[in-house]
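# Residue-level structural notes
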Amino acid sequence: MKFVDRTDETARLKETLAREKSSLAVLYGRRRLGKSTLIKRVLSDTDVYFLADRSEAQHQRILLAKMIAQVFPDFDKLTYPDWEAIFRALNYRTDRCFTLCLDEFPYLVEQSPELPSVLQKLVDEKQLKYNLVLCGSSQNMMYGLFLDASAPLYGRADEIMRLTPIRLPYILEALNLNAMSAIEEYAVWGGVPRYWELRENRNSLDDALWHNIFSVNGALYEEPVKLFQDDVKDIVKTSTIMSYIATGVNRLSEIAARCNEPATNLSRPLKKLIDLGFLEKDIPFGVDEKNAKKSLYKIADPFMAFYYRFVVPNRSFIELGRRLPIEQALTAHFSGYVGMQWEKLCRDAVTGNIVNGTVYGKAKRWWGSVFNEDKKPEQVEFDVMAESLDKKYLLVGECKWTTQENGKQLTAELLRKANLLPFAQKYSIVPVLFLRNTPKDDIGNVMLPENIIESEI
């Protein structure tokens, strides 16, 4: 697949490795994001790349010595009793600056807990003649090794980069899609390059789903478990929480009741899933983020959301090879699922961007009870709400992933609801429709898939 995006990360890594003195660069992030591919694109033929595994330490040093020997002949002829010996031997052998990359660095530390202290000693001596690039998929471990103030390597790295999923616009370039198809594909695969590669190898989205996800032999059939193995101790509990949230159990009290545990027991695992990028807290616009009563937990990652919405409830059918029930579930609910992802993409597109000449801050949802025109309580909801940076305007938005919408009617309803909000009275209200298709009537303030994608570039 064509290599897309990662321009900032590539430039940062190249700059770090090109410095006159040796540097220590750290890359981390969840699996499948293309960390190794990025590193390999930056390294040259005279650099050393080593992918660690979970074998014992002496065996790993033998394997590393063999990789080094491809650049420094006969380096593997000796036996290195410990990590300091192999790093110092390499320093002795070279008279030029090159780069040594240790990929999946946490695997080495699992077998050799002393390794971070060894590297700390070598870095602090400032005698290394080569750069070090340390990479890992265990986000917890990499954070603990380099960003925890008590860790030996804390403050030693010249560059620390956490790779995150690639943004929406690049899926068009990678898979050669139109804007509408890009939204639907992104709702399934998210911004994970490896998933895009698997999709690219199939003829259609439907074909890719059945080959990679809805099959016991599919490459992504057990994907969440593989991701959780890097950072989560209790995989069963974690998967249970994700399953409940995917079915609409979004409040902490509701999740705790389903799990038959006190809410206090779930605070830590929920926070961990948020830190890892798998969950997010949905808090209404204008509400203090510490207000737990209004918080809703949602699955943040599109692939995870799709998996727990369509795979987990249908696992028995998948195991039996029963295709019809799954097809019916997709027919009935896929468009609605894409609609939820569309809402998130629309909020992201508004955040920090210019809409009709005005720059807006963080876009969120808003929901709650207000008194309507008849002075009776009414539950209202806004898919998108954002305040302009100059605090003069309040953008209120409605998102629809359906066809043939009545734009004038939707806009009128948006304005009606906005005028019921006491806090909205100090703003000029800006109604915006985020629609899959151009509405039947010709009105302004409509953003379509191509507009959302353009705003993300």
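Just above, that's the structure.
So, here is what we can say about the structure in this document. (Residues numbered from 1 in each chain as written. Predicted model: local features only at pLDDT ≥ 70, side-chain atom pairs only at ≥ 80, totals over all residues. Heavy atoms only, no water.)

### Here we look at the sheet that holds strand S1 (residues 24–28)
Taken in spatial order, the 5 strands of this open sheet run S2-S3-S4-S1-S5, and their pairing is parallel. Each having just a single partner strand, strand S2 (48–51) and strand S5 (159–162) make up the two edges of the open sheet. Within the sheet, the average angular offset between the axes of one strand and its neighbour, ignoring direction, is 10 degrees. Where S1 lies against strand S4 (residues 131–136), 5 bridges are found, and the strand directions are parallel. Bridge pairing in S4 places Leu24 opposite Leu132. The sheet contacts of helix H3 (residues 57–69) involve S2 and strand S3 (99–103), and relative to S2 the element is tilted by about 150 degrees. (Pairing = 2+ DSSP bridges. Helix = DSSP H or I, 4+ residues; strand = E, 2+ residues; numbered from the N terminus. Axes fitted to C-alpha atoms, helices over the stretch in contact; angles between N-to-C directions. Contact = heavy atoms within 4.5 Å.)

### Observations concerning the packing of helix H18 (residues 324–350) against helix H20 (residues 449–456)
Two elements in contact, H18 and H20, have axes whose closest approach is 9 Å; the angle formed by their N-to-C orientations is 45 degrees. It follows from the interaxial angle that H18 and H20 lie oblique. In terms of crossing hand, the pair formed by H18 and H20 is left-handed. Here H18 contributes Trp342, Leu345, Cys346, Asp348 and Ala349 to the contact with H20, which in turn contributes Pro449, Ile452, Ser455 and Glu456. Residues of the contact of H18 with H20, tallied by class, amount to 6 nonpolar, 1 polar and 2 charged. (Parallel < 35°, antiparallel > 145°, perpendicular 65-115°, else oblique. Left-handed = near helix turned anticlockwise from the far one by under 90°. Nonpolar A, V, L, I, M, F, W, Y, C, P; charged D, E, K, R; others polar.)

### Comments concerning the environment of Arg199
If you trace the backbone, Arg199 turns up in helix H10 (residues 193–200). For Arg199, a relative accessible area of 10% puts it in the buried group. In this structure, the C-alpha to C-alpha distance between Arg199 and Trp189, residues 10 residues apart in sequence, is 8.4 Å. Not counting residues within four places of it along the chain, the set of residues in contact with Arg199 comprises Leu175, Glu185, Trp189, Ser204, Leu205 and Ala208. (Buried < 20%, exposed > 50% of the residue type's maximum accessible area, 1.4 Å probe, protein only.)

### Observations regarding helix H11 (residues 205–212)
Looking at H11, one finds that the buried residues are Leu205, Ala208, Leu209, Trp210 and Asn212. Check the buried side of H11 and you find it contacts helix H9 (179–189), H10, helix H16 (302–311) and H18.

### Here we look at the sheet that holds strand S14 (residues 446–447)
Spatially, the 5 strands line up as an open sheet ordered S10-S11-S12-S13-S14, and their pairing is mixed. For this open sheet the edge positions go to strand S10 (364–371) and S14, each flanked by a neighbour on one side alone. As paired strands, strand S12 (residues 393–400) and strand S13 (residues 428–435) are joined by 8 bridges and run parallel to one another. For Leu394, the partnering residue across the bridge sits in S13 and is Ile429. Helix H19 (residues 407–418) rests against strand S11 (377–387), S12 and S13 of the sheet, and its axis sits at about 140 degrees to S13.

### Let's talk about the packing of H16 against H18
Between two packed helices, what matters for the description is the angle formed by their axes and the separation of those axes. Orientation of H16 relative to H18, taken along the N-to-C sense of each, is 150 degrees, at an axis distance of 11 Å. The orientation of H16 relative to H18 falls into the category roughly antiparallel. Regarding H16 and H18, the two cross each other, and that crossing is right-handed. Two secondary-structure elements touch here, H16 through Pro302, Ala305, Phe306, Arg309 and Phe310 and H18 through Ala329, Leu330, His333, Phe334, Tyr337 and Gln341.

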